[in-house]
There are 2 protein chains.
Amino acid sequence: MEVFWRQGYEGASVNDLTEAMGINKPSLYAAYGGKEELFRKAVARYAERDMGYARDAFAQPSAYEVVATLLRENVIAVTRPDKPHGCLSIQGGVACSTENAPVAGFLASSRLAGEGALADRLARAVAEGDLPAHADPIALARFVMIVTEGQAVHAAAGVSREDLRQAAEIALAGFSAASGARLPERATDPV
Amino acid sequence: MEVFWRQGYEGASVNDLTEAMGINKPSLYAAYGGKEELFRKAVARYAERDMGYARDAFAQPSAYEVVATLLRENVIAVTRPDKPHGCLSIQGGVACSTENAPVAGFLASSRLAGEGALADRLARAVAEGDLPAHADPIALARFVMIVTEGQAVHAAAGVSREDLRQAAEIALAGFSAASGARLPERATDPV
DNA sequence: CTAATTCTGTACCGATCGGTAAGGATTCGA
DNA sequence: TCGAATCCTTACCGATCGGTACAGAATTAG
């Protein structure tokens, strides 16, 4: 998983993978079927282990807290000192050769599925009166996901956690301004 | 340039490139020296041709208009119907094999250089009183660049221009809220 | 202690990678 | 019209790609 994370789908050779796994090539093929299947399993594991914060975020009581948790936890996730910086879903392959286009498409649709889930959560907030009726859950979810993706790209470039956190707070201000979200009682961290 | 843009540095084979250029492999090597040199020239050409809007944006009279132009033109640039969707600087390679790490590093530092230029422009706005003294040019520039990068990733996933435009307006609201920027006279486009 | 079985590791498959050497066609100056 | 210099193309280089055949080692069953 970390090899794919660090080097992308195409940049990770089967030799790199087997070396990191401590097994031989035939064992990899016996256990996983092939490089692409292994990648899909790695992405699934990544989603469960390294993006578990999304579940916690969605469970927050208010839309503001959902988004705040998402943005702040994302910053932490993409800058863990013991893991590759960035996000597997981005690093994995935003662009690749035509023969591996399905991999890029798979990652893209995974990300958009997450965006859809966030939009659903925000729509619920509108229905509950937590967000005003004029708020656009789909557009807001898109904005939030765009910020998380940008942060992943930035993190991969080596930008520090604290620097990304500042940007997350600005994004949160944008979410509040554009959504009219009710703010939680304790003050937020202004930049 | 477009082959690199669409397939990334590693995903674009020399065969793909020569085919698109209508020349033979030895001609490519005679003219450019190698794949990596060709890529760097492609990036330079891209910066000049497809990111020229940045110069126009920096020339805007107010910080708000600088950022608004940057965000809105970026949306247009990453969703041109006759070009690959996304941004060469991102697609080119956010992650790649260890042997091509210099390419990814080169792209990352190019992007951060753009961020630095924007920070300088915003610092000027603070000095001129266009932005309040408490505004943080570096953090604001980082936020704007993060949004443009996220939009490039989103565009590469096939999200439409109009959808990205909505997100840009939300980001702009965030910039205004966090910077305390004076708004231009004509009303902005609320989401 | 032997026989059947799993399992690991070596060695190899054709294809493609980035990059190049050498020959054939073409164009140019004289 | 001839010789020379410049292309352009074909063919190939070693290395590596993803993927596999096969033999020897370890394990288990009887």
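Predicted, not measured: the structure shown is a model, and the values here were computed from it. (Residues numbered from 1 in each chain as written. Chains lettered and ligands numbered in written order. Predicted model: local features only at pLDDT ≥ 70, side-chain atom pairs only at ≥ 80, totals over all residues. Heavy atoms only, no water.)

Trainee: Please clarify how the protein's contact with DNA strand C should be interpreted in this entry.
Mentor: Close to DNA strand C lie Asn24 and Pro26 of chain A together with Ala12, Ser13, Val14, Asn15, Lys25, Pro26, Tyr29 and Lys35 of chain B, which account for all nearby residues. The sugar-phosphate backbone supplies 62% of the atoms of DNA strand C found within 4 Å of the protein. Within the contact set of DNA strand C, a phosphate oxygen lies 2.9 Å away from a backbone nitrogen or oxygen of Val14 of chain B. Separating a phosphate oxygen of DNA strand C from a side-chain N or O atom of Lys35 of chain B is a distance of 2.7 Å. Top contributing element to the surface near DNA strand C by residue count: helix α3 (residues 25-32) of chain B, with three residues. (Near = heavy atom within 4 Å. Polar contact = N/O pair within 3.5 Å; in protein donor to acceptor, adjacent residues only side chain to side chain. Helix = DSSP H or I, 4+ residues; strand = E, 2+ residues; numbered from the N terminus.)

Trainee: How do you make sense of the interface of chain B and chain A when you look at a structure like this?
Mentor: Many authors give the size of an interface as the accessible area that is lost as the parts come together. Taken residue by residue, the interface counts 42 residues in chain B and 42 residues in chain A. Across the chain B-chain A interface, the total number found is two salt bridges. Of the charged contacts, one joins Asp163 of chain A and Arg142 of chain B as a salt bridge, the two residues approaching to 3.3 Å between their closest N and O atoms. Linking chain B to chain A there are ten residue pairs in polar contact (both at pLDDT 80 or more). Contributing elements (two or more residues each) for the side of chain B that touches chain A: α1 (2-11), α7 (88-91), α8 (101-127), α9 (137-156) and α10 (161-179) of chain B. For the side of chain B that touches chain A, the class distribution of residues is 23 nonpolar, eleven polar and eight charged. (Contact = heavy atoms within 4.5 Å. Salt bridge = Lys/Arg side-chain N within 4 Å of Asp/Glu carboxyl O. Nonpolar A, V, L, I, M, F, W, Y, C, P; charged D, E, K, R; others polar.)

Trainee: Looking at this structure, how should I read the packing of α9 of chain B against α10 of chain B?
Mentor: In a packed pair of helices, the relevant descriptors are the angle between the two axes and the axis-to-axis distance. Residues and elements named next belong to chain B. One way to put it is that α9 packs onto α10 with a least axis distance of 11 Å and a crossing angle of 170°. Judged by the inter-axis angle, α9 sits roughly antiparallel to α10. In contact with Leu140, Phe143, Val144, Val147, Gln151, His154 and Ala155 of α9, α10 contributes Leu164, Ala167, Ala168, Ala171, Phe175, Ala178 and Ser179. Considered class by class, the residues forming the contact of α9 with α10 number eleven nonpolar, three polar and no charged. (Axes fitted to C-alpha atoms, helices over the stretch in contact; angles between N-to-C directions. Parallel < 35°, antiparallel > 145°, perpendicular 65-115°, else oblique.)

Trainee: What am I meant to see in the packing of aromatic side chains here?
Mentor: For the structure shown, the criterion picks out eight aromatic pairs over all chains. A ring pair is formed by Phe4 of chain A and Phe39 of chain A, whose centres lie 4.9 Å apart and whose planes are at 80°; its orientation type is edge-to-face. Taken together, the residues span a long stretch of sequence, with Phe4 of chain A in helix α1 (residues 2-11) and Phe39 of chain A in helix α4 (residues 35-49) at a distance of 35 residues. Overall, the relative accessible area of 1% leaves Phe4 of chain A in the buried class. Ring geometry for Phe4 of chain B and Tyr9 of chain B: centres 5.9 Å apart, planes at 15°, overall stacked. Here Tyr9 of chain B falls in the buried class, since its relative accessible area comes to 6%. An aromatic cluster of at least three residues, connected via ring pairs, comprises Phe4, Tyr9 and Phe39 of chain A. Positioned above the aromatic ring of Tyr9 of chain A, the side-chain terminus of Lys35 of chain A is 4.6 Å from the ring centre. (Phe/Tyr/Trp six-rings, centres within 6.5 Å; stacked < 30°, edge-to-face > 60°. Buried < 20%, exposed > 50% of the residue type's maximum accessible area, 1.4 Å probe, protein only. Lys NZ or Arg CZ within 6 Å of the ring centre and 35° of its normal.)

Trainee: Where do I start with the relation of the copies chain B and chain A in this structure?
Mentor: Between the two copies of the chain lies a rotation about an axis combined with a shift along it. It takes a turn of 180° to lay chain B on chain A, together with a shift of 0.0 Å along the axis; the resulting RMSD is 0.0 Å. Expressed as an axis order, the relation between the two copies is that of a two-fold axis. Taking C-alpha positions as reference, the residue of chain B nearest the rotation axis is Gly174 of chain B, located at 1.6 Å. (Least-squares fit on C-alpha atoms with pLDDT ≥ 70 in both.)

Trainee: What is the right way to read helix α6 (residues 63-77) of chain A from this model?
Mentor: In an α-helix there are 3.6 residues to a turn, and that puts residues three or four apart on one side. All names here are of chain A. Spanning 15 residues, α6 covers 21 Å between terminal C-alpha atoms, matching the ideal 21 Å at 1.5 Å per step. Buried within α6 we find Ala63, Tyr64, Val66, Val67, Ala68, Thr69, Leu70, Leu71, Asn74, Val75 and Ala77. Check the buried side of α6 and you find it contacts α1, α5 (53-58), α8 (101-127), α9 (137-156) and α10 (161-179). (Expected span 1.5 Å × (residues − 1).)

Trainee: Help me out: how do you make sense of the protein's contact with DNA strand D in this one?
Mentor: Around DNA strand D, the neighbouring residues are Ala12, Ser13, Val14, Asn15, Lys25, Pro26, Tyr29 and Lys35 of chain A together with Asn24 and Pro26 of chain B. For DNA strand D, the fraction of protein-proximal atoms (within 4 Å) that sit in sugar or phosphate groups is 61%. Interatomic distance of 2.9 Å between a backbone N/O atom of Val14 of chain A and a phosphate oxygen of DNA strand D. Here a phosphate oxygen of DNA strand D sits 2.7 Å away from a polar atom, N or O, in the side chain of Lys35 of chain A. Those elements that provide at least two residues to the surface near DNA strand D are α2 (14-21) and α3 (25-32) of chain A. The biggest single contributor to the surface near DNA strand D is α3 of chain A, with three residues.

Trainee: What should I look at first to understand a nonpolar patch on the surface in this one?
Mentor: All names here are of chain B. On the surface, Met21, Ile23 and Tyr32 cluster together into a nonpolar patch covering about 210 Å² of accessible area. With respect to the element layout, Ile23 can be found in the loop between α2 (14-21) and α3. Owing to a relative accessible area of 30%, Ile23 belongs among the partly exposed residues under this scheme. (Patch = residues over 30% accessible without salt bridge, like charges linked within 9 Å, V, L, I, M, F, W, Y side chains within 5 Å. Areas by Shrake-Rupley, 256 points an atom, 1.4 Å probe, with all protein chains shown as cover.)

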